[in-house]
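The primary structure of each chain is shown beneath.
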Amino acid sequence: ETGVTQTPRHLVMGMTNKKSLKCEQHLGHNAMYWYKQSAKKPLELMFVYNFKEQTENNSVPSRFSPECPNSSHLFLHLHTLQPEDSALYLCASSRVLGSSGNTIYFGEGSWLTVV
Amino acid sequence: GIQVEQSPPDLILQEGANSTLRCNFSDSVNNLQWFHQNPWGQLINLFYIPSGTKQNGRLSATTVATERYSLLYISSSQTTDSGVYFCAVGSLAGGTSYGKLTFGQGTILTVHP
């Protein structure tokens, strides 16, 4: 238990479906992130939110749409995905300012399969 | 951007053996973390160690920031240590890195009983 909870843990969706991944952190952090882990590739940063404001979009296709209603919750809305989007999606959180002790904590991940 | 290289890519050990995993990075960093990814996908924090040495039980880590590398030591390995070990760094370039970590490819560790 890291204090970062993701749901669902597993998701299978068709290419025409719309679904959402949810992340919640109980650590009092103000920064939240989405990372993507595909087979045979390193983890890739997708989005960064700081105090609910998006500060980074790492050239992610528009079929992935993040939403951060408050510092504790982060969503990733999915629509018209492609089979190559199948991957493990990891949510993370950290404190905001300063490098000292700015440890990032990950959730358990959501395994997404697009069929 | 910053490059992160981990070695070895794969490591097979007998239970009880010791091992050293290495992480080289190409630029100055203000954040370096070691993670263990379990078979279910979760990344478990092992160390936050942008510099210096830390120990936690059978694990210890050392980062020599001036020479741009970090080492993770596992002593008296157990089968539960199996999994993938990742090094991730946050670069000084561009200011505060928050959690914008760049990950290495990982070291796949298998410990046999």
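Preceding this paragraph is the structure being described.
Residues numbered from 1 in each chain as written. Chains lettered and ligands numbered in written order. Predicted model: local features only at pLDDT ≥ 70, side-chain atom pairs only at ≥ 80, totals over all residues. Heavy atoms only, no water.

**Q** For this particular structure, what's the right way to read the overall build of chain B?
**A** The helix and strand tally for chain B stands at 0 helices and 11 strands. Along the chain direction, N to C, the helices and strands of chain B fall in the order β-β-β-β-β-β-β-β-β-β-β. A compact globule built from 113 residues should have a C-alpha radius of gyration of about 13 Å, and chain B, at 14 Å, falls within 12% of that. Dimensions along the principal axes, computed over C-alpha positions, put chain B at roughly 45 × 25 × 20 Å. Taking all 113 residues of chain B together, the buried fraction comes to 52%. Across chain B, every contact between residues at least 6 apart in sequence was considered, and the portion connecting residues at least 24 apart equals 58%. Accessible area of chain B: about 5,100 Å², with a carbon and sulfur share of 50%. The centroid of the 5 positive side-chain charges in chain B is displaced by 10 Å from the centroid of its 6 negative side-chain charges. (Helix = DSSP H or I, 4+ residues; strand = E, 2+ residues; numbered from the N terminus. Rg over C-alpha atoms; globule rule 2.2 N^0.38 Å. Buried < 20%, exposed > 50% of the residue type's maximum accessible area, 1.4 Å probe, protein only. Contact = heavy atoms within 4.5 Å. Areas by Shrake-Rupley, 256 points an atom, 1.4 Å probe, with all protein chains shown as cover. Lys, Arg positive; Asp, Glu negative; His and termini not counted. Charge placed at Lys NZ, Arg CZ, Asp CG, Glu CD.)

**Q** What is the right way to look at the sheet that holds strand E3 (residues 18-25) of chain A in this model?
**A** Picture the strands of a sheet paired through backbone hydrogen bonds; they go either parallel or antiparallel. Residue and element names in this part refer to chain A. Strand order in the open sheet made by the 4 strands is E1-E3-E8-E7, with antiparallel pairing throughout. What marks the edges here is a single partner per strand, and that holds for strand E1 (4-7) and strand E7 (64-70). Going across the sheet, the axis of each strand differs from the next one's by a mean of 20 degrees, ignoring polarity. The pairing of E3 with strand E8 (residues 73-79) spans 7 bridges and is antiparallel. Across the sheet, the residue bridging to Lys 22 is Phe 75, located in E8. (Pairing = 2+ DSSP bridges. Axes fitted to C-alpha atoms, helices over the stretch in contact; angles between N-to-C directions.)

**Q** Even after reading the chapter, I still don't get the pattern of salt bridges, so can you show me in this structure?
**A** As a working rule, side chains carrying opposite charge can pair if their charged atoms are close by. The final tally for this structure, using the stated rule, is 4 salt bridges over all chains. Across the salt bridge formed by Lys41(A) and Glu44(A), the nearest N and O atoms sit 3.9 Å from each other. (Salt bridge = Lys/Arg side-chain N within 4 Å of Asp/Glu carboxyl O.)

**Q** I would appreciate a short explanation of the interface of chain A and chain B in the present structure.
**A** How big an interface is tends to be stated in terms of accessible area lost as the parts join. At the junction of the two partners, chain A supplies 30 residues and chain B supplies 20 residues. Viewed at the interface, chain B and chain A are joined by 0 salt bridges. Seen at the junction of chain A and chain B, the total is 5 residue pairs in polar contact (both at pLDDT 80 or more). Mapped onto the side of chain A that touches chain B, the elements with two or more residues apiece are strand E4 (31-37), strand E5 (44-50), strand E9 (87-94) and strand E10 (105-106) of chain A. (Polar contact = N/O pair within 3.5 Å; in protein donor to acceptor, adjacent residues only side chain to side chain.)

**Q** Is there a simple way to explain the layout of surface pockets in this structure?
**A** Summary: where empty space remains is shown by rolling a probe the size of a single water molecule over the atoms. All names here are of chain B. Put simply, the largest pocket is a space of about 500 Å³. The biggest single contributor to the lining of the largest pocket is strand E9 (residues 83-91), with 3 residues. Split into classes, the residues belonging to the lining of the largest pocket amount to 9 nonpolar, 9 polar and 2 charged. (1 Å grid on protein atoms, 1.4 Å probe; cavity = no way out; pocket = protein on both sides within 12 Å on 5 of 7 lines; lining within 4 Å. Points joined across faces, edges and corners; volume = space filled by probe spheres on them. Nonpolar A, V, L, I, M, F, W, Y, C, P; charged D, E, K, R; others polar.)

**Q** What is the right way to read the environment of Leu71(B) from this model?
**A** All names here are of chain B. Within the secondary structure, Leu 71 is located in strand E8 (residues 69-74). On the basis of relative accessibility, which here comes to 13%, the residue Leu 71 falls in the buried class. Once you skip the residues sitting within four places of it in the chain, Leu 71 turns out to touch Thr 20, Leu 21, Arg 22, Trp 34, Ser 60, Ala 61 and Thr 62.

**Q** Would you explain the environment of Met32(A) in this entry?
**A** Residues and elements named next belong to chain A. Here Met 32 lies in strand E4. Spatially, the C-alpha atom of Met 32 lies 8.1 Å from that of Ser 72, the residues being 40 residues apart in sequence. When residues no more than four places from it in sequence are discounted, the contact partners of Met 32 are Cys 23, Gln 25, Phe 47, Val 48, Tyr 49, Ser 71, Ser 72, His 73, Leu 74, Cys 91, Ala 92 and Ser 93.

**Q** In this structure, what is going on with the state of the cysteines? I would like to understand it.
**A** By definition, a disulfide links the sulfur atoms of two cysteine residues through a covalent bond. Taken as a whole, this structure holds 2 disulfides over all chains when the rule is applied. Two residues share a disulfide in this structure: Cys23(B) and Cys87(B), whose sulfurs sit 2.0 Å from each other. With the S-S bond torsion at -60 degrees, the cross-link from Cys23(B) to Cys87(B) turns out left-handed. Of this pair, Cys23(B) sits in strand E3 (residues 19-25) while Cys87(B) is found in strand E9, placing the two residues 64 residues apart along the sequence. The closest cysteine sulfur to the non-disulfide-bonded Cys68(A) is located on Cys91(A), 9.0 Å from its own sulfur. Residue classification places Cys68(A) among the buried positions, given a relative accessible area of 11%. (Disulfide = S-S within 2.5 Å.)

It is worth stressing that arrangement in space is one thing and function is another; only the former is reported here.
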